Amino acid sequence: MQRIRVGMTGLAIVLVLIGIVSVVFSSANRERPVSAIGASNASVVANLSEGGTESVLEKNKDEPLAELGVAPSTESTEAVNAAEIARREEARKRGEAPN
């Protein structure tokens, strides 16, 4: 019985601490941001972007190993012609010189 009482007391203390921290953080979020005289406007700076340009890092965000140079990228730069590849493989199997 005592173990249950100690456990429930500990749980209640943890919940109270979480509530206090939540109140502190929510009040900090509601305060108006402080800006210095002559400083740039944060809402304007946040919306600045270069239109139409895409950096290499943005292209390879789904390939972190290619970005680091550990593995080759899966993005192909040349067009693949499956019929041409099949024709070359057939010529190679027959022992003919490729055209």
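Residues numbered from 1 in each chain as written. Predicted model: local features only at pLDDT ≥ 70, side-chain atom pairs only at ≥ 80, totals over all residues. Heavy atoms only, no water.

1. Quick word on the overall build of the protein
Now for step 1: Counting secondary structure elements, the protein contains 5 helices and 0 strands.
Now for step 2: Counting helices and strands in the order they occur from the N terminus, the protein gives α-α-α-α-α.
Now for step 3: Within the structure as shown, the protein displays about 9500 Å² of accessible surface, and the carbon and sulfur contribution to it stands at 60%. (Helix = DSSP H or I, 4+ residues; strand = E, 2+ residues; numbered from the N terminus. Areas by Shrake-Rupley, 256 points an atom, 1.4 Å probe, with all protein chains shown as cover.)

2. With respect to the pattern of salt bridges
Now for step 1: Applying the stated criterion across every chain, the model contains 3 salt bridges.
Now for step 2: A salt bridge links R87 to E84; its shortest N-O distance comes to 2.4 Å. Taken together, the residues span about one helical turn, with R87 and E84 both in helix 5 (residues 82-94) at a distance of 3 residues.
Now for step 3: Accessibility expressed as a relative area gives 37% for R87, which makes it partly exposed.
Now for step 4: Under the relative-accessibility criterion, E84 is labelled partly exposed at 23%.
Now for step 5: Several salt bridges share partner residues, and in doing so they unite E84, R87 and R88 into one network. (Salt bridge = Lys/Arg side-chain N within 4 Å of Asp/Glu carboxyl O. Buried < 20%, exposed > 50% of the residue type's maximum accessible area, 1.4 Å probe, protein only.)

3. Some words on helix 5
Now for step 1: With 13 residues, helix 5 should reach 18 Å at 1.5 Å per residue; the first-to-last C-alpha distance of 19 Å fits that figure.
Now for step 2: Just downstream of helix 5, G95 is the residue with a positive phi angle, here 85°. (Expected span 1.5 Å × (residues − 1).)

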